[in-house]
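Remarks on the overall topology
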Amino acid sequence: GFFDTIEIDYEDLQDIIDDSLPETEQLLDFKRFSWVRSILLLQAGEIRASRSSVNRRLNTNFTNLPSVLLDSIMHSNELLEIDAKNSQFAILANMIKDKVSDDFVKHAINGELYEQLADELECDRNEAKTLIMKTIYSKAEHKNKIKDLMRELYPESMDIIEEYKAKSSNSKLAIAMQQKEAEIYIEGVLQSLHQLEVPAFSKHDSIIFHRRDLTIVRSIIEKVLNEKNIKLALKLPDG
């Protein structure tokens, strides 16, 4: 039903593709082919959606569009998006918050984890984000300076994280976080909005919706978080 509430200018999307990925003499341009195919499927009414049996994420050919194409559709339809600051690690912090007392939980839930590490590492936020991801998702036996620093800053949290990976694996930690994400955004927020007949779509750790529904969408997200005892610093669009 969400697609009945939006209009897509396919000629405009094709122009964006032509500007971003001009045709070349190359016989097989897989990236351009993929982008063109993605809009042709939508134009033909082929909306594909499935949930992973492993991490429970919802995957669709709409939300998997290249960001420049999805951004164009959102702009022309006055669609907004709400997600959480440093969402993945904020979710992880909620999973361990009753077991630790160091600052990892506070920094992650408040959405300032990347900034805190950037200060410690004397680098920019994006570089800090990349380094944190490589560290948290690395194998338990992997050693490096960033992991040592994080152990120094967040000893209890890092002990729990590394112990979990040692007993299972680094990939299972990522899956557990994605399953919690799906519990919040799909079973919680998206289903609640659909029950109220509010057109919306989920994109992993965010909700996409019409500007006119900002108040009710924010209310539902906050209600679900409260019911599940989850604390997140939301990134809210301008009203």
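Data block above holds the structure.
Report on the accompanying structure.

Next up on the list: the environment of arginine 125. The topology assignment puts arginine 125 in helix H7 (residues 125-136). Between the C-alpha atom of arginine 125 and that of isoleucine 39, which follows or precedes it by 86 residues, the distance is 33 Å. Beyond its immediate stretch of four places on either side in the chain, arginine 125 contacts Tyr114, Glu115 and Ala118. Only 2.8 Å separates the side chain of arginine 125 from the side chain of glutamate 115, close enough to count as a polar contact.

This part takes up the environment of lysine 99. Note that lysine 99 resides in the loop between helix H4 (87-96) and helix H5 (103-109). Separated by 61 residues in sequence, lysine 99 and isoleucine 160 place their C-alpha atoms 8.6 Å apart. When sequence neighbours within four positions are dropped, the list of residues in contact with lysine 99 reads Glu156 and Ile160.

Once that is clear, we can look at the packing of helix H6 (residues 113-121) against H7. Close contact between H6 and H7 brings their axes to 8 Å; oriented N to C, the two are set at 100°. Judged by the inter-axis angle, H6 sits roughly perpendicular to H7. Residues Leu113, Tyr114, Glu115, Leu117, Ala118 and Leu121 of H6 pack against Arg125, Ala128, Lys129, Leu131, Ile132 and Met133 of H7. Looking at the contact of H6 with H7, its residues break down into nine nonpolar, no polar and three charged.

A few words on the nonpolar core. Leu193, Ile207, Phe209, Val217, Ile221 and Leu232 are the most contacted members of the largest nonpolar core, which totals 26 residues. At the level of secondary structure, the elements contributing two or more residues to this core comprise strand S3 (79-84), H4, helix H10 (170-195), strand S5 (206-210) and helix H11 (214-227). The dominant element in this core, judged by the number of residues it contributes, is H10, at seven residues. Grouped together as the second largest cluster of nonpolar side chains are 25 residues, Ile96, Tyr114, Leu117 and Ala118 included.

A word on the side chain of serine 138. Within the secondary structure, serine 138 is located in the loop between H7 and helix H8 (145-153). On the accessibility criterion, serine 138 (9% relative accessible area) is buried. Within the structure, the side chain of serine 138 is placed 3.2 Å from the side chain of lysine 147, a separation counted as a polar contact. Among all residues touching serine 138, those that are not within four sequence positions of it are Lys147, Lys165 and Asn170.

Glancing now at a nonpolar patch on the surface. A surface patch of nonpolar side chains, amounting to about 400 Å² of accessible area, comprises Leu27, Leu28 and Phe30. Within the fold, leucine 27 resides in the loop between helix H1 (10-20) and helix H2 (30-43).

What follows covers the pairing of S3. Of all six residues that make up S3, five are buried, and the element is covered over most of its length. Pairing of S3 with S5, which is carried by five bridges, proceeds in the antiparallel orientation. Counterpart to isoleucine 82 in the pairing with S5 is isoleucine 207. Relative to strand S6 (residues 234-235), S3 runs antiparallel, the two being bridged by two bridges. Following the sheet pairing, aspartate 83 is matched in S6 by lysine 235.

Turning our eyes to something else, we now look at the environment of lysine 228. Among the secondary structure elements, lysine 228 is positioned in the loop between H11 and S6. Among the residues examined, lysine 228 registers a relative accessible area of 31% and is labelled partly exposed. Distance from lysine 228 to alanine 182, taken between C-alpha atoms, is 13 Å for residues 46 residues apart in sequence. Once residues within four sequence positions are removed from consideration, lysine 228 is found in contact with Glu183, Ile184 and Gly188.

Before going further, it helps to spend a moment on the pattern of salt bridges. Going through the model one piece at a time under the given rule, you end up with 17 salt bridges. Residues lysine 180 and glutamate 183 are paired through a salt bridge, measuring 3.4 Å at the closest nitrogen-oxygen approach. Here the residue lysine 180 and the residue glutamate 183 both occupy positions in helix H10, the gap between them amounting to three residues, near one helical turn. With a relative accessible area of 26%, glutamate 183 lands in the partly exposed category. Among the salt bridges present, the one from lysine 228 reaches glutamate 183, with a minimum N-O distance of 3.6 Å. Highlighted residues: lysine 228 in the loop between H11 and S6 and glutamate 183 in helix H10, separated in sequence by 45 residues.

Thresholds applied
- Residues numbered from 1 in each chain as written.
- Predicted model: local features only at pLDDT ≥ 70, side-chain atom pairs only at ≥ 80, totals over all residues.
- Heavy atoms only, no water.
- Helix = DSSP H or I, 4+ residues; strand = E, 2+ residues; numbered from the N terminus.
- Contact = heavy atoms within 4.5 Å.
- Polar contact = N/O pair within 3.5 Å; in protein donor to acceptor, adjacent residues only side chain to side chain.
- Axes fitted to C-alpha atoms, helices over the stretch in contact; angles between N-to-C directions.
- Parallel < 35°, antiparallel > 145°, perpendicular 65-115°, else oblique.
- Nonpolar A, V, L, I, M, F, W, Y, C, P; charged D, E, K, R; others polar.
- Core = buried A, V, L, I, M, F, W, Y, C linked by side-chain atoms within 4.5 Å.
- Buried < 20%, exposed > 50% of the residue type's maximum accessible area, 1.4 Å probe, protein only.
- Patch = residues over 30% accessible without salt bridge, like charges linked within 9 Å, V, L, I, M, F, W, Y side chains within 5 Å.
- Areas by Shrake-Rupley, 256 points an atom, 1.4 Å probe, with all protein chains shown as cover.
- Salt bridge = Lys/Arg side-chain N within 4 Å of Asp/Glu carboxyl O.
- Pairing = 2+ DSSP bridges.

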